[in-house]
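Residue-level structure breakdown
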Amino acid sequence: MDKGASNPRHIAIILDGNGRYAKKYGLLRQQGHKAGADNVEEMGDIFIAKGIEYMTVYAFSTENWKRSEDEVTYLMALMKRYLSKNKVDALRKGIRIRVIGDRSGLSEDLRRLIVSMEEDTKEMKKLNLTFAINYGGRDEILRASKKLAERAKEGLDLKTVDEAYFSSLLDTSDIPDPDLLIRTSGEERISNFLLWQIAYAEMYFTDKYWPEFTEEDLDLAIDSYRHRERRFGARKED
Ligand code: IPE
Ligand code: IPE
Ligand code: MG
C-alpha cells in the first residue's frame, strides 16, 4: 500500500480558467492568458523547489482551434514568445523542455522554436517540463495506431505488441505516466488530455482559476494525493 507515502513524481495540469480570471478582474481574455503563462513559469520554480521531477501542462488542445481567430493567434504568439524568451532561464534552472501534440498543425516558426528548445535543453535534469500543444489524447492514440499499422506492413509481428510497445509510440514515450492530475477552474472533466497515460492517475479538482493557483494550492493537491491509497487494481491487504 502506497498511502501517505511519497510525493508524486509527475504532476499533469489542465490549466483552465484564464478567461474567467480575466473577466473576474475586468481584464481582456488575452491578459488572462498572459497571467496564465506567467504562472506556468512560477509553478516551474515551485516544482523544482519541491523536487517534483515532471510537470506536464495542457497549453492548447486539438479542440481549441474552434476559438476565435483572434484568441488562437494570441495563444500561438504567446507560446512562441515563451519558447523564445525562456531558453536561458531553462538552462540556468536545469529545466528540460519538451512538447507533445501534433506538430504538423503548427506554424513553421513555432515548430522550429520547439525543436531548438528541445535540443538545447535535453541534458537538463532538475525538471522535465512538457507542454501539450495542439494536443488531443484521441489524436495521439490515433497517430500511434497509424505508426503501428505502418510497422505491421513492414513486417512487425502484432502478437509481440504489448502495452509497453504501444506506449513507446505515443508522444510521451520517454515520460512516465502522471501520478496526479490537477484541473483548475472548477470543471471536472478531462477534455481529451493524456487519455492513455492517466489510467491510474489520481484526480484533483480545484475551483481556483489557473492564474490564481499558488504554491499553497499545490500543497493542498499534493497533500490530498499523499492521503490516497493507490491500489492499481490489487486487493488491499487486511
Ligand atoms: C485555459 O483557459 C487556457 C486554454 C484553454 C488555452 P480558458 O481560456 O479555457 O479559460 P476559461 O475556461 O474560458 O475561463
Ligand atoms: C482544456 O481547457 C484545454 C486546455 C487547458 C488547453 P478547455 O477550456 O479548452 O476545455 P473545455 O472546453 O472547458 O472542456
Ligand atoms: Mg476553459
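Scroll up a little and you will see the structure.
Okay, so let's go over this structure. (Residues numbered from 1 in each chain as written. Chains lettered and ligands numbered in written order. Predicted model: local features only at pLDDT ≥ 70, side-chain atom pairs only at ≥ 80, totals over all residues. Heavy atoms only, no water.)

Regarding its fold elements, the protein chain presents eight helices and six strands. Along the protein chain, helices (α) and strands (β) appear in the sequence β-α-α-β-α-α-β-α-β-α-α-β-β-α when read from the amino end. In terms of overall size, the protein chain behaves like a compact globule, its C-alpha atoms giving a radius of gyration of 18 Å where 238 residues would be expected to give roughly 18 Å. Its C-alpha atoms give the protein chain principal-axis dimensions of roughly 55 × 50 × 35 Å. Looking at the protein chain as a whole, 45% of its 238 residues are labelled buried. Pairs at least 24 residues apart make up 77% of the contacts formed inside the protein chain by residues separated by at least 6 positions. Only carbon and sulfur atoms are counted for the fraction: they give 49% of the accessible area of the protein chain, which is about 12,600 Å². (Helix = DSSP H or I, 4+ residues; strand = E, 2+ residues; numbered from the N terminus. Rg over C-alpha atoms; globule rule 2.2 N^0.38 Å. Buried < 20%, exposed > 50% of the residue type's maximum accessible area, 1.4 Å probe, protein only. Contact = heavy atoms within 4.5 Å. Areas by Shrake-Rupley, 256 points an atom, 1.4 Å probe, with all protein chains shown as cover.)

What follows deals with the nonpolar core. Within soluble globular proteins, side chains that are nonpolar tend to cluster in buried spots. Membership of the largest hydrophobic core comes to 38 residues, with the highest contact counts inside it found for Ile-11, Phe-47, Met-55, Phe-131 and Leu-218. Considering each element in turn, this core owes the most residues, six residues, to helix 3 (residues 69-85). (Core = buried A, V, L, I, M, F, W, Y, C linked by side-chain atoms within 4.5 Å.)

Around ligand 2, the neighbouring residues are Ile-14, Leu-15, Asp-16, Tyr-58, Ala-59, Phe-60, Ser-61, Asn-64, Arg-67, Arg-183, Arg-189 and Ser-191. Within the side chain of Arg-183, a nitrogen or oxygen atom sits 3.3 Å from an oxygen atom of ligand 2. A distance of 2.8 Å separates an oxygen atom of ligand 2 from a polar side-chain atom of Arg-189. Protein contacts shield 78% of the accessible area of ligand 2, which totals 390 Å² for the unbound molecule. Applying the majority rule of atoms within 2 Å of the grid points places ligand 2 in the largest pocket. (Near = heavy atom within 4 Å. Polar contact = N/O pair within 3.5 Å; in protein donor to acceptor, adjacent residues only side chain to side chain. 1 Å grid on protein atoms, 1.4 Å probe; cavity = no way out; pocket = protein on both sides within 12 Å on 5 of 7 lines; lining within 4 Å. Sits in = over half its atoms within 2 Å of the grid points.)

Moving on: the site of ligand 1. Around ligand 1, 13 residues are found, and the nearest of them are Asp-16, Gly-19, Arg-20, Arg-29 and Arg-67. A distance of 3.5 Å separates an oxygen atom of ligand 1 from a polar atom in the backbone of Gly-17. Contacts to ligand 1 include Asn-18, whose backbone N or O atom sits 3.2 Å from an oxygen atom. When ligand 1 is considered free in solution it has 380 Å² of accessible area, and contact with the protein chains removes 87% of it. Of the pockets mapped on this structure, ligand 1 occupies the largest pocket.

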